[in-house]
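These are the residues of each chain, in order.
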Amino acid sequence: MADKGLVKDIYEKEVELKYQLYNSLFLTLPLDAVEQTGLLLPLLEEACNQGLEAGDSPPEIIEGFFEAHRPNFSAQQKLQFLFKVIQYVERQVVLIDALEDSAYASIHRTEERDRLRQLSERADAEGMTEQLQSLLQQFGARIILTAHPTQFYPGQVLAIITDLTAAITDSDADRVRDLLQQLGNTPFFKQEKPSPYDEAVELSWYLGNIFYPAFGQIVDRLSQQGAEGNSKLLSIGFWPGGDRDGNPFVTCDETRRVAAKLRFIILECYRKDIRALKRRLSFKGVYEELENLENRLHQELTGEVEKSFASVKEFQTGLEAIAETVESKYQGLFLDQLISFQRKVAMFGFHFASLDIRQDSRVIQRSLNAVIETNTSLLPEGFTELPQQTQWQHLLAIKGPVDSSSIEDSVLRDTVESLALIKEVQSLNGERGCHRYVISNCRGPGDVINVIALSRLAGWEEGKLTLDIVPLFETIDDLRSAHESMKTLYDIDVYSKHLGARNKLQTVMLGFSDGTKDGGYLMANWGIYRAKENITAVSREYGIEVVFFDGRGGPPARGGGSTYKFYAALGKSIESDQIQLTVQGQTISSYYGTEVAALHNINQLLAAGLECNLYDRPERELTSNQRQLINDLAEEAYAKYLDFKQHPKFLPYLEQMSTLHYYAQSNIGSRPAKRGDSNELKFEDLRAIPFVGSWGQLKQNVPGYYGLGSALKALEDAGRLEECQALFKESKFFEALISNSMQSMSKTIFKLTAYMREDAEFGEFWQMIHDEFLLSKEMALKVSGYQEMLEDNPTSQNSIRLRMQIVLPLLVIQQYALMKVNKARLQGDDDAELAVYEKMIVRSLFGNINASRNSA
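Residues numbered from 1 in each chain as written. Predicted model: local features only at pLDDT ≥ 70, side-chain atom pairs only at ≥ 80, totals over all residues. Heavy atoms only, no water.

A.B. asks: Any details on the overall build of the protein? Residues and values, ideally.
C.D. replies: When helices and strands are tallied, the protein shows 35 helices and eight strands. Against the 2.2 N^0.38 benchmark of 29 Å for 856 residues, the protein shows a C-alpha radius of gyration of 28 Å, consistent with a compact globule. Scored against the burial criterion, the 856 residues of the protein give a buried share of 60%. Restricting to contacts in the protein with at least 6 residues of sequence separation, those with at least 24 account for 82%. (Helix = DSSP H or I, 4+ residues; strand = E, 2+ residues; numbered from the N terminus. Rg over C-alpha atoms; globule rule 2.2 N^0.38 Å. Buried < 20%, exposed > 50% of the residue type's maximum accessible area, 1.4 Å probe, protein only. Contact = heavy atoms within 4.5 Å.)

And the structure:
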């Protein structure tokens, strides 16, 4: 508890008090023509708090506020004021982001919580230095940046946040004031949807400014402890421009442009580093060689030549010759700086980040069918009537290439052509530039075989496929049978030989987002855990090293929460020599927005993975009784969630009472909000991001806990509560599950939508959700022994509290606008008025998402 008090004091001093200071400055800036918006905002915040406590509806709160403070406002002035409030709140959230970033080291206590340093010191003290060194030679962590539409800050706003953070750190009040004024006049809303290339360009800022120096620092440090020569210790994956799943705007042209951009960025980083090296390595025969390398890079960057080096190996050979000269002729002076640069080149090559290609299994199947329909001689007559195993044999023996230009459907044509494009990208950026094909919604071995067949038809020769095929298992049923699918694949001679050529490595991706959407929070997490155990066992039996790639989103409902807790909780029954996970949207900016934050979070990730492999800890291993207990809980929660999902009001509630339909209008990402082009909303077509995000906008966060309370209560009623309490203390996996769910519950505000209780159509449904929330909260506290939510994480607790307070007026305005839209539709009111309120809903999305920092 003393630790909690210390964290609270630090947060109050470094964030809350400074927020009050800078916010009072911000609210008095001349940012708009609407009368005293900044001065009225605190009054609106107070009205929202008091009104919700009194049980008032959003219209009653908003209209009551105008009556009390601006009774003479016209209808138009009221609307203008509400839009201005949204703009102010958005910028208040940015101020909080900048304050937290500037104080990151203090509020997260990064020095004393440097788990990587602690692990090294512990290994040294316990005589396990050699084991750690050996582990560092084979361990690897890959962070995959995705283009999923959860980032609401345009590039120019991100730049202001960076400068604002620096000004706050320097206590430069004048500069802070100027930047706040700039922020007030800088638009947050994108008029047009970004292209996949635009998304890649936006994310590239993090590559050059954060990951390049941060990775370099960490690898330099770990190289002294045994990681020297492991160029895959840290790596980056990249989905913008490669992820085709449900996004028809990702084409081969876009992929080609993104690959070229990634090469351009890393060459720029190299040129900058060589210039810095020249300031120290000014020796005869060294300086000239460095200048030659710099000039060759410059020629490619300026377009004078197409490629400055035939391969990264040629570039490395030049650096090795320079290093040899420095060591032999100049006593190794400043050699450490050159070696540090060489490590970066080994790590990033000419690709910087590995571009993953991803497509849905059903689209892959349709693409293969389209090729076969236009090339009927590829397969024998009566192919579809043959037994499945025989069909697979024919598909694996298929030969190409074929001409795909006659395929009319552009998405199907692109799916075929993208496999051929991988060769082109590998030729430009090296094999690591694009070496994985992810199959979304993978239903079994047939989907993997379809990709092999398509690759042959795209021009790849048998035995020369330099591509890792990654099945992505997402639904509860597919997770349950995933190990059987992998066993079937391992038994197929052609696939076994392919894995042999790929160093006997098999990457398998598990989808937390769609898993939770399909089966609820508890079952999705337990289903993935079991799938990992089963796939690990099968893979070890066949001598295959399986690498698990976790499709994790921002909130716990999509696999988010504490990364360290998640990976530190894995037992020896789950292969963990490699850690791979997606990071997206505002999770990128909150975890890796500054170098301090990036270093801390990457260190935590590495420490979690290394700990798992270095030490046997009983709290990571599940006993048979614990396993049965979690399984019983998961089955109870699953049954409760399925009943909820199948409720006749489930989809209508989301459609009519949430912001679900407005994500597509926000222009934050290139990808459509749902799969398919049908106007009818189908659950299976729902994207996980707008699905989870819509519950977040309602401040109900249903996917992060629904079913948990009922499951725990069922076991309590069966006299097994003490077992659950013991499980929380003894199992890191179960502790992480409950803690992450608490994070979701901590971000709820049910009084915001309490008016729905009286709704004729949805009142009963709202009450059902609220009852499950109250039960989940009660049982989570009872099982953990905590007195309040997030008792073990005071930093998150303090941040959530402040952010929820700031964003409350925006949330009330959003609900007010939603109620106006529903009423206008019911009464057939003027379309112009409807459009204004719909615009208000869209605009309100931004601040709410950014305030939560990991809500979508």
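There's more to say after this.
A.B. asks: I'd love a proper account of the pattern of salt bridges, names of residues and values included.
C.D. replies: By the definition in use, this model includes 55 salt bridges. Of the charged contacts, one joins Glu121 and Arg117 as a salt bridge, the two residues approaching to 3.3 Å between their closest N and O atoms. Of this pair, Glu121 and Arg117 both sit in helix α6 (residues 115–125), four residues apart, which is roughly one turn of that helix. Residue Asp616 pairs with Lys572 through a salt bridge whose shortest N-O separation is 3.7 Å. With Asp616 in the loop between α26 (595–614) and α27 (624–645) and Lys572 in the loop between α24 (563–568) and β8 (578–583), this residue pair connects regions lying 44 residues apart in the sequence. Using a relative accessible area of 63% as the deciding quantity, one classes Asp616 as exposed. (Salt bridge = Lys/Arg side-chain N within 4 Å of Asp/Glu carboxyl O.)

A.B. asks: Explain the environment of Leu267 to me, and be specific about the residues and the numbers.
C.D. replies: Along the chain, Leu267 falls in helix α11 (residues 252–280). Judged by relative accessible area, which is 1%, Leu267 ranks as buried. Separated by 41 residues in sequence, Leu267 and Ser308 place their C-alpha atoms 9.7 Å apart. The contact partners of Leu267, leaving out residues within four places of it in the chain, are Leu297, Glu300, Leu301, Ser308 and Phe350.

A.B. asks: Explain the packing of aromatic side chains to me, and be specific about the residues and the numbers.
C.D. replies: Under the counting rule described, the total for this entry stands at 44 aromatic pairs. By the ring-pair criterion, three or more aromatic residues cluster together here, those being Phe211, Tyr212, Phe215, Tyr270, Phe309, Phe315, Phe341, Phe348, Phe350, Phe352, Tyr591 and Tyr592. The side chain of Arg257 reaches across the aromatic face of Tyr197, ending 3.7 Å from its centre. Against the face of Phe334 rests Arg280, its NZ or CZ located 5.9 Å from the ring centre. (Phe/Tyr/Trp six-rings, centres within 6.5 Å; stacked < 30°, edge-to-face > 60°. Lys NZ or Arg CZ within 6 Å of the ring centre and 35° of its normal.)

A.B. asks: So what's going on with the sheet that holds strand β5 (residues 468–473)? Residues and values would help.
C.D. replies: Pairing is parallel around the closed barrel formed by eight strands, whose spatial order is β1-β2-β3-β4-β5-β6-β7-β8. For this sheet, the mean angle separating the axes of adjacent strands, direction not counted, is 25°. Taken together, the two bridges between β5 and strand β6 (residues 505–511) define a ladder with parallel strand orientation. Each bridged residue has a counterpart across the sheet, and for Leu472 the counterpart in β6 is Met509. (Pairing = 2+ DSSP bridges. Axes fitted to C-alpha atoms, helices over the stretch in contact; angles between N-to-C directions.)

A.B. asks: How would you explain the environment of Glu268 if you had to name every residue and give the values?
C.D. replies: Along the chain, Glu268 turns up in helix α11. For Glu268, a relative accessible area of 35% puts it in the partly exposed group. Separated by 581 residues in the primary sequence, Glu268 and Ile849 have C-alpha atoms spaced 33 Å apart.

A.B. asks: How would you explain the nonpolar core if you had to name every residue and give the values?
C.D. replies: Judged by nonpolar contacts, the single largest core of 277 residues is most densely connected at Tyr270, Phe315, Ile602 and Trp695. Contact partners of Ile602, with chain neighbours within four places excluded, come to Ile143, Phe211, Ala214, Phe215, Ile218, Leu234 and Tyr592. In this structure, Ile144, Trp239, Val438 and Val470 belong to the second largest nonpolar core, which totals seven residues. (Core = buried A, V, L, I, M, F, W, Y, C linked by side-chain atoms within 4.5 Å.)

A.B. asks: A description of the layout of surface pockets should follow, citing residues and the corresponding values.
C.D. replies: The calculated volume of the second largest pocket comes to roughly 750 Å³. When contributions to the lining of the second largest pocket are tallied by element, the ones reaching two or more residues are β1 (140–145), β2 (234–238), α14 (335–348), β6, β7 (545–551) and β8. Residues of the lining of the second largest pocket, tallied by class, amount to twelve nonpolar, 16 polar and nine charged. (1 Å grid on protein atoms, 1.4 Å probe; cavity = no way out; pocket = protein on both sides within 12 Å on 5 of 7 lines; lining within 4 Å. Points joined across faces, edges and corners; volume = space filled by probe spheres on them. Nonpolar A, V, L, I, M, F, W, Y, C, P; charged D, E, K, R; others polar.)

A.B. asks: If you had to explain the pairing of β7 to someone new, which residues and values would you point to?
C.D. replies: A large share of β7 lies buried, amounting to six of its seven residues. Pairing of β6 with β7 involves seven bridges; the strand directions are parallel. The residue bridging Leu510 from the neighbouring strand is Asp550, located in β7. Both β7 and β8 contribute to a ladder of three bridges, which runs parallel. Residue pairing across strands places Phe548 opposite Ile579, the latter belonging to β8.

A.B. asks: Let's hear about the pairing of strand β3 (residues 354–360): which residues, and what values?
C.D. replies: Among the seven residues of β3, seven are classified as buried, and the element is accordingly described as predominantly covered. Going residue by residue along β3, you find Ser354, Asp356, Arg358 and Asp360 tucked away on one face and Leu355, Ile357 and Gln359 tucked away on the opposite face as well. Strand direction decides the pairing type here: β2 and β3, joined by two bridges, are parallel. Paired with Phe238 across the two strands is Leu355, which belongs to β3. Note that β3 and strand β4 (residues 436–440) share five bridges and pair parallel. Residue pairing for β4: Asp360 is matched across the bridge by Ser440.

A.B. asks: So what's going on with the environment of Gln342? Which residues, and what values?
C.D. replies: Tracing the backbone through its elements, the reader meets Gln342 in helix α14. Sequence-wise, Gln342 and Gly216 are 126 residues apart; in three dimensions their C-alpha atoms are separated by 9.9 Å. Discounting residues that sit within four places of it in the chain, Gln342 has contacts with Leu319, Glu320 and Ala323.

A.B. asks: Outline the packing of α11 against helix α12 (residues 287–301), supporting the account with residue identities and numerical values.
C.D. replies: The geometry of α11 relative to α12 is characterised by a closest axis approach of 9 Å and an angle of 155° between their N-to-C directions. Between α11 and α12, the interaxial angle falls into the category roughly antiparallel. Crossing hand, α11 versus α12: left-handed. Contacts between α11 and α12 involve Arg263, Phe264, Leu267, Glu268, Tyr270, Arg271, Ile274, Arg275, Leu277 and Lys278 from the former and Tyr287, Leu290, Glu291, Leu293, Glu294, Leu297, His298, Glu300 and Leu301 from the latter. (Parallel < 35°, antiparallel > 145°, perpendicular 65-115°, else oblique. Left-handed = near helix turned anticlockwise from the far one by under 90°.)

A.B. asks: Give me the lowdown on a negative patch on the surface, citing residues and values where you can.
C.D. replies: Where like charges cluster on the molecular surface, the negative patch consists of Asp170, Asp172, Asp174 and Asp178. Mapping Asp178 onto the fold places it in helix α9 (residues 173–184). (Patch = residues over 30% accessible without salt bridge, like charges linked within 9 Å, V, L, I, M, F, W, Y side chains within 5 Å. Areas by Shrake-Rupley, 256 points an atom, 1.4 Å probe, with all protein chains shown as cover. Lys, Arg positive; Asp, Glu negative; His and termini not counted. Charge placed at Lys NZ, Arg CZ, Asp CG, Glu CD.)

A.B. asks: Run through the packing of helix α3 (residues 58–69) against helix α34 (residues 794–827), naming residues and quoting values.
C.D. replies: Orientation of α3 relative to α34, taken along the N-to-C sense of each, is 110°, at an axis distance of 8 Å. Here α34 runs roughly perpendicular to α3, going by the angle between their axes. Two secondary-structure elements touch here, α3 through Pro58, Pro59, Ile61, Ile62 and Glu63 and α34 through Val812, Ile813, Gln815, Tyr816, Met819 and Lys820.

A.B. asks: How would you summarise the side chain of Lys645 if you had to cite specific residues and measurements?
C.D. replies: Tracing the backbone shows Lys645 in helix α27. Using a relative accessible area of 17% as the deciding quantity, one classes Lys645 as buried. Side-chain polar atoms of Lys645 contact the backbone oxygen of Asp518, separated by 2.6 Å. Those residues within four positions of Lys645 in sequence are excluded, and the remaining contacts are Lys517, Asp518, Phe650 and Phe683. (Polar contact = N/O pair within 3.5 Å; in protein donor to acceptor, adjacent residues only side chain to side chain.)

A.B. asks: Give a detailed account of the side chain of Ser776, specifying residues and quantitative values.
C.D. replies: Mapping Ser776 onto the fold places it in helix α33 (residues 763–784). In this structure Ser776 touches Tyr705, Leu708, Gly709 and Met745, once residues within four positions along its chain are discounted.

A.B. asks: Describe the state of the cysteines, with residues and values.
C.D. replies: Under the counting rule described, the total for this entry stands at zero disulfides. The structure places no disulfide on Cys252, whose sulfur is separated from the nearest cysteine sulfur, that of Cys434, by 10 Å. With a relative accessible area of 8%, Cys252 lands in the buried category. (Disulfide = S-S within 2.5 Å.)

A.B. asks: Requested: an account of α34, with residues and values cited.
C.D. replies: Helix length check: α34, at 34 residues, gives a terminal C-alpha distance of 48 Å against a target of 50 Å (1.5 Å per residue), a fit within 8%. In terms of residue burial, α34 counts as a mostly covered element, since 24 of its 34 residues are buried. Gly828 sits one or two residues past α34 and shows a positive phi near 65°. (Expected span 1.5 Å × (residues − 1).)

A.B. asks: Give a detailed account of unusual backbone geometry, specifying residues and quantitative values.
C.D. replies: In this chain, Gly400 is followed by Pro401 through a cis amide linkage whose omega measures 5°. Residue placement: Pro401 occurs in the loop between α16 (388–396) and α17 (410–429). A positive phi angle, near 55°, is found at Lys504, a position not held by glycine. Positionally, Lys504 belongs in the loop between α21 (493–501) and β6. According to the relative accessible area criterion, Lys504 is partly exposed, its value standing at 45%. One non-glycine residue with positive phi stands out, namely Asn701, at about 50°. As for its placement among the helices and strands, Asn701 is situated in the loop between α29 (688–697) and α30 (708–717).

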